[in-house]
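# Geometric and topological summary
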Amino acid sequence: MSDQPKYRRILLKLSGEALMGDADYGIDPKVIVRLAEEIIEVQRTGVQIGIVIGGGNIFRGAGLAAAGMDRVTGDHMGMLATVMNALAMADAIEKCGGYARVMSAIQIHDVAEDYIRRRAIRHIEKGRIVLFAAGTGNPFFTTDSAAALRAVEIGANLVLKATKVDGVYSADPARHADATRYEQLTYADVIQRNLQVMDTAAIALCRDHGMPLRIYDMTVPGNLMRIMRGESIGTLVA
């Protein structure tokens, strides 16, 4: 494999749960520092990076909506949780020697810049890692949809979904020993088989704009760099 990165600009989607490590809630400092170090290592090879982080480690709006809370209120609370995670990741990146900017889809001027597409691209071109917080800024849309949307808007070459599983399986590998891992899938495969890779809106957006999506295991150190060098890690949806 070449040492030169295969991709010029990527959008990395981190779930909030990924930041918990082995804890039941919140952020594991060891996990967030390791992720920050890997992200900076990749960025220093010349790859431009945008990041979308979920908020499920702090708050999940859909869950409370199912328990009776107003869905719009719950989703707005979830957006604020993603801002907290983005600030934590930005802090970790800067403590590790990188440069980061947090841009929010909802106005929260004291802690984050407003999301403006041209400004985001300018930050990325200047070598800053941009964290896109607050999802799309709209209720009923997940951070998966936000990741697909921001990837298209900034002209990314690839969406990477970092998970705790080494790809997409035909069934839950924790429950089904005979589950098989897919090396590659089409967008139609994901939607028709209801594989739960990302929500349907996110997959459709990637499909309509020809945006490839790779799902990989972020708990394995070095996987992000291996993907940048062209190795077939995880599952590719294209």
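Definitions and cut-offs
- Residues numbered from 1 in each chain as written.
- Predicted model: local features only at pLDDT ≥ 70, side-chain atom pairs only at ≥ 80, totals over all residues.
- Heavy atoms only, no water.
- Salt bridge = Lys/Arg side-chain N within 4 Å of Asp/Glu carboxyl O.
- Helix = DSSP H or I, 4+ residues; strand = E, 2+ residues; numbered from the N terminus.
- Buried < 20%, exposed > 50% of the residue type's maximum accessible area, 1.4 Å probe, protein only.
- 1 Å grid on protein atoms, 1.4 Å probe; cavity = no way out; pocket = protein on both sides within 12 Å on 5 of 7 lines; lining within 4 Å.
- Points joined across faces, edges and corners; volume = space filled by probe spheres on them.
- Nonpolar A, V, L, I, M, F, W, Y, C, P; charged D, E, K, R; others polar.
- Contact = heavy atoms within 4.5 Å.

### Quick word on the pattern of salt bridges
Applying the stated criterion to the full structure yields 14 salt bridges. Arg 71 is the partner of Asp 75 in a salt bridge, and the nearest nitrogen-oxygen pair spans 2.9 Å. Of the two residues, Asp 75 and Arg 71 both sit in helix α3 (residues 71–95), four residues apart, roughly one turn of that helix. Of the residues examined, Arg 71 reaches a relative accessible area of 31% and is grouped as partly exposed. When the shortest N-O distance is used, the salt bridge between Lys 161 and Asp 144 registers 3.3 Å. Note that Lys 161 is positioned in strand β6 (residues 158–163) and Asp 144 in helix α5 (residues 143–154), a separation of 17 residues in sequence.

### Quick notes on the layout of surface pockets
The space that makes up the largest pocket amounts to roughly 990 Å³. The set of elements that each furnish at least two residues to the lining of the largest pocket consists of α2 (61–66), α3, α5, β6 and β7 (168–169). If you add up the space inside the second largest pocket, you get close to 150 Å³. If you go around the second largest pocket, the residues you meet are Asp 144, Lys 161, Val 190, Ile 191, Asn 194, Gln 196, Val 197, Met 198, Asp 199, Thr 200 and Ile 203. Elements with a contribution of two residues or more to the lining of the second largest pocket: α6 (187–192) and α7 (200–208). The residue makeup of the lining of the second largest pocket, split by class, is five nonpolar, three polar and three charged.

### Some remarks on the environment of Ala 112
Considering the arrangement of structural elements, one finds Ala 112 in the loop between β3 (100–104) and β4 (113–114). Given a relative accessible area of 8%, Ala 112 falls into the buried group. Sequence separation between Ala 112 and Ala 204 is 92 residues, and the spatial gap between their C-alpha atoms is 29 Å. Excluding its chain neighbours within four sequence positions, the residues that come into contact with Ala 112 are Val 102 and Ser 104.

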